[in-house]
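# Coordinates in review
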There are 2 protein chains.
Amino acid sequence: MSADGFDELRAALGGRLLEDPESLIAYSLDSSRAKPGGRPIGVVRATSTEDVSFALAWANVRGIPVSVRGAGTGLSGGAVAYAGGLVVSLEAMNRIVSIDVENRLADVEAGVVTADLDDAALAQGLFFPPDPASARWSTIGGNIATNAGGLRCVAHGVTTDVVAALEVVLADGRVMRTGARTRKNTTGYDLTSLFTGSEGTLGVITAATVRLKPVPPGEPRTFRASFDDIEDAGRAVTAIVSGPATPEVLELIDARSVEIIEAFHPSGLPSPGAAMLVGQTVGLTAHETAGAITEICRAHGATETEISASDSLLEARRLANPALTAQGLRVSCDVGVPVAELATVFRGIGEIAERHSRRIAVVAHAGDGNLHPTVEAGESPEEYAAAELVIDDITRLALSLGGTISGEHGIGSVKRHELPWQQDAAALDVQRAIKVALDPRGILTPGRAI
Amino acid sequence: MSADGFDELRAALGGRLLEDPESLIAYSLDSSRAKPGGRPIGVVRATSTEDVSFALAWANVRGIPVSVRGAGTGLSGGAVAYAGGLVVSLEAMNRIVSIDVENRLADVEAGVVTADLDDAALAQGLFFPPDPASARWSTIGGNIATNAGGLRCVAHGVTTDVVAALEVVLADGRVMRTGARTRKNTTGYDLTSLFTGSEGTLGVITAATVRLKPVPPGEPRTFRASFDDIEDAGRAVTAIVSGPATPEVLELIDARSVEIIEAFHPSGLPSPGAAMLVGQTVGLTAHETAGAITEICRAHGATETEISASDSLLEARRLANPALTAQGLRVSCDVGVPVAELATVFRGIGEIAERHSRRIAVVAHAGDGNLHPTVEAGESPEEYAAAELVIDDITRLALSLGGTISGEHGIGSVKRHELPWQQDAAALDVQRAIKVALDPRGILTPGRAI
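Scope of this entry: the structure provided in the associated data block.

Now for the packing of aromatic side chains. This structure, assessed with the given rule, holds 2 aromatic pairs over all chains. In this arrangement the basic side chain of A:Arg396 is found over the ring face of A:Trp421, its NZ or CZ atom lying 4.0 Å from the centre.

Here it is, written out as structure tokens:
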């Protein structure tokens, strides 16, 4: 397949324009259940901002839809290719340009793998706070484009909290810089936050200046608490995060998820009656803080608790998504609720499971009220559709508790029908007006995110 | 003065529409050196979102410019009235609707005074982190509209970091809700951050959901360190904020500012050779942390240090702006630099003072690299103009060090000519495109902020 003027793009990009069938298929998917409607015409494997700029300008004058891609670990269908569209991949723009220790800033290209930045920062006594479960594969650019969350958000916030400045290529190919290298900046609109989480619909993020934090002194501790009642675990989390003991990580894994993880890769996770909380504390008082947290757990009905210097518990938690995916379990979501509503949302999910006669496995970034329920279903379109109805019910439940349809994965294509459940007509209109203003031909990830 | 259809506005608003000359003058100014070009036609002292909605819809169909006003403590001219325009004041919308202790959220109307919210939160063991020096007068809505900073930013970030959700009236009078009550939310564009700091140009913020933090245990400590060389003080700050000891407040007051504060309201501030650092530490290790900080100060040349349980040092620091204003010293700015550049920027400001033969008094939120240099000048237009040139030089200096033209006061009208010094053409275009998309008739704070 080709498009008018495609030779011009070929000439400009050379080997950085992939057209072989394997690449066209491989770069068409992300890690969600969304499927491309057909093949893209090519993949721009950019090695510079100029490549991205050239590709967008080329696509813009022709009205060709563009999907934008880091490592393809997104879970909402935001990076899935368009039939007849162009894929812009940032994976080869993977330079860590500099780490500025005194100002605690890193300058990176968009394709840097999250864990690689964290490792480079660690070598300087600093770390990169956002910590999506996919950190070993996901890219900083993708993290920023989706405003990714992760395990350490309860202590350090989400990706947008650490983005100081961006380089963005606009729909027409112009290059824009946002933000500043200072800790505070009130110059003009907060374009940095607007583009963070815009899921490739307003521009392509090619580079970023991100904030680092100092590694806390002392030895971290992990903790675990097992519960026979998942609602008790929810109440324990509410009590922990309303109190003075601050965990760096506070996750929930229900009994079914433990089973699935252990079947995928035996990690020695003990099977809880209903759910376990696992987490991490840091700093000079890490052990005491972990003790205070497990004590709260026991006061809320934990049957067993453990404090350890090993991080194998967290490693096991990180396997949840690969383990679920390996079983073909892809119909999940990332709803959020206010932390005081955790027990209520767990009870409600149990009722929904019963009503639909479907098992629902739950892992959660419990400390910030962000849940990942996965509906057990076969892989046929009919089974997916049935499972989607269960997800819709869970989403409505979260919203009824003051929650959000997406805590950290973004909307992409898979959650777009839910948007009006959360946002009013004026907010939807404002977002569409911004989209039209910045991408008048509608080439950038059209029909998704907003 | 009147406008077509003014009776309609009168009938709808009754006594909430002020037209007396005293009000028209009083509500025309903010705390900056900007002056209104003439009288507004009326002041809408809104008591409800409906009032704001009615007033904007009325102004929008007529193309009447609207300025938006909290307590008028802004320092950039953003709230100054337009000749023939309408003023929308939020000061009477001052209800603290609820404080949700478990989720650490407060629901407030825009006109709530910052310190009143903090007091109400303190009664529940929580506090409102942003802490502008004007907190006893400024309103939450104004804080949000300008993304205000303050003394505690070094520990807690700026206003945008605590805004979870907004209610906004758009230019045409429609009401929009943004954000969520959850800790994480990736649903759609981050309109909450876009409207935060938009200085009344995109909509009128009528209510907000803001995040609170728990009051740290233990007794706070204040500390002071005097330096004979302001560059040494700058190097001490860089060392402090690059190290493990975390102050909640870290301010610099130069010798000239101390003199001006003491003349305004004698507080017993000891006169430093060149500059003093004052700050606060909190938590169970507040005393040890203050000790570690003063030790760093001595290692960087402090001639004298003090640790105290009283907060009179910080109270004295809060008098800086009233003291300068009382002397007619209004030509100041709020540039920011990366914290590693503090010594360099202080040296540069000294050189600029010499070149212009003008004294420059400096106070600074030193811990986050945010400076408030004030140029000593008379109150005539010629003197102001001469002082503005000094500010321009300081601003260019900050930018040359990777800084920002505004760290916390916003652009308003007084800094608008500096915008292209910091932002590229694409960023300016994008902001204008957003402005036109959301306020096509250009009624909301036209000609300012971007």
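With that out of the way, let us pick up the sheet that holds strand β8 (residues 163-169) of chain A. All names here are of chain A. Taking strand neighbours across the sheet as the criterion, the 5 strands line up as β5-β6-β10-β8-β9 in an open arrangement whose pairing is antiparallel. Among the strands making up the open sheet, the edge pair consists of β5 (96-100) and β9 (175-179). With direction set aside, neighbouring strand axes in the sheet form an average angle of 10 degrees. As paired elements, β5 and strand β6 (residues 105-109) share 4 bridges and run antiparallel to each other. Across the sheet, the residue bridging to Ile96 is Val108, located in β6. On the sheet, helix α3 (residues 49-62) packs against β8, β9 and β10 (204-211) and is oriented at approximately 50 degrees with respect to β8.

With that out of the way, let us pick up the relation of the copies chain B and chain A. Two copies of the chain are present, and they differ by a rotation about an axis and a shift along that axis. With an RMSD of 0.0 Å, the fit of chain B onto chain A corresponds to turning through 180 degrees and sliding 0.0 Å along the axis. Taken together, the rotation angle and the small translation identify this as a two-fold axis. The residues that chain B uses at the interface reappear at the interface of chain A in 100% of cases, marking a shared surface.

Right, let's talk about the interface of chain B and chain A for a bit. The interface of chain B with chain A comprises 78 residues on the first partner and 78 residues on the second. Ranking the residues of chain B by area buried against chain A places B:Lys184, B:Thr186 and B:Tyr189 at the top, with a combined share of 18%. Counting across the interface, chain B meets chain A through 6 salt bridges. A salt bridge links B:Asp368 to A:Lys184; the shortest N-O distance between them is 3.4 Å. Where chain B touches chain A, the interface holds 42 residue pairs in polar contact (both at pLDDT 80 or more). Those elements that place two or more of their residues in the side of chain B that touches chain A are α6 (153-156), β9 (175-179), α7 (191-195), α8 (230-241), α15 (419-422) and α16 (425-438) of chain B. For the side of chain B that touches chain A, the element with the highest residue contribution is α16(B), accounting for 10 residues. Taken together, the residues of the side of chain B that touches chain A break down into 29 nonpolar, 33 polar and 16 charged.

All names here are of chain A. At a minimum axis distance of 9 Å, the contact between helix α8 (residues 230-241) and helix α10 (residues 286-299) shows a crossing angle of 140 degrees. With respect to α10, the axis of α8 lies oblique. The way α8 lies across α10 gives a crossing that is right-handed. Contacts between α8 and α10 involve Ala236, Ala239 and Ile240 on the former and, on the latter, Ile293, Ile296 and Cys297.

Take the side chain of B:Thr160 next. Mapped onto the fold, B:Thr160 is located in the loop between α6 and β8 (163-169). Accessibility expressed as a relative area gives 17% for B:Thr160, which makes it buried. Ignoring anything within four residues of it in the chain, the contact list for B:Thr160 reads A:Asp190, B:Asn147, B:Ser193 and B:Thr196.

Once their charged atoms are close, side chains differing in charge can pair, the charge on each being opposite to the other. Residues and elements named next belong to chain B. If you walk through the whole model with that rule in mind, you get 63 salt bridges over all chains. Across the pair Glu306 and Arg224 runs a salt bridge, and its minimum N-O distance is 2.7 Å. Of the two residues, Glu306 is situated in strand β15 (residues 304-308) and Arg224 in strand β12 (residues 221-227); the sequence distance between them amounts to 82 residues. Put simply, Asp118, Asp131, Arg152, Glu315 and Arg318 are held in one network by salt bridges that share partners.

Conventions used here
Residues numbered from 1 in each chain as written. Chains lettered and ligands numbered in written order. Predicted model: local features only at pLDDT ≥ 70, side-chain atom pairs only at ≥ 80, totals over all residues. Heavy atoms only, no water. Phe/Tyr/Trp six-rings, centres within 6.5 Å; stacked < 30°, edge-to-face > 60°. Lys NZ or Arg CZ within 6 Å of the ring centre and 35° of its normal. Pairing = 2+ DSSP bridges. Helix = DSSP H or I, 4+ residues; strand = E, 2+ residues; numbered from the N terminus. Axes fitted to C-alpha atoms, helices over the stretch in contact; angles between N-to-C directions. Contact = heavy atoms within 4.5 Å. Least-squares fit on C-alpha atoms with pLDDT ≥ 70 in both. Buried area = accessible area lost by both parts, 1.4 Å probe. Salt bridge = Lys/Arg side-chain N within 4 Å of Asp/Glu carboxyl O. Polar contact = N/O pair within 3.5 Å; in protein donor to acceptor, adjacent residues only side chain to side chain. Nonpolar A, V, L, I, M, F, W, Y, C, P; charged D, E, K, R; others polar. Parallel < 35°, antiparallel > 145°, perpendicular 65-115°, else oblique. Left-handed = near helix turned anticlockwise from the far one by under 90°. Buried < 20%, exposed > 50% of the residue type's maximum accessible area, 1.4 Å probe, protein only.

Shape is all these values report; function is a separate question.
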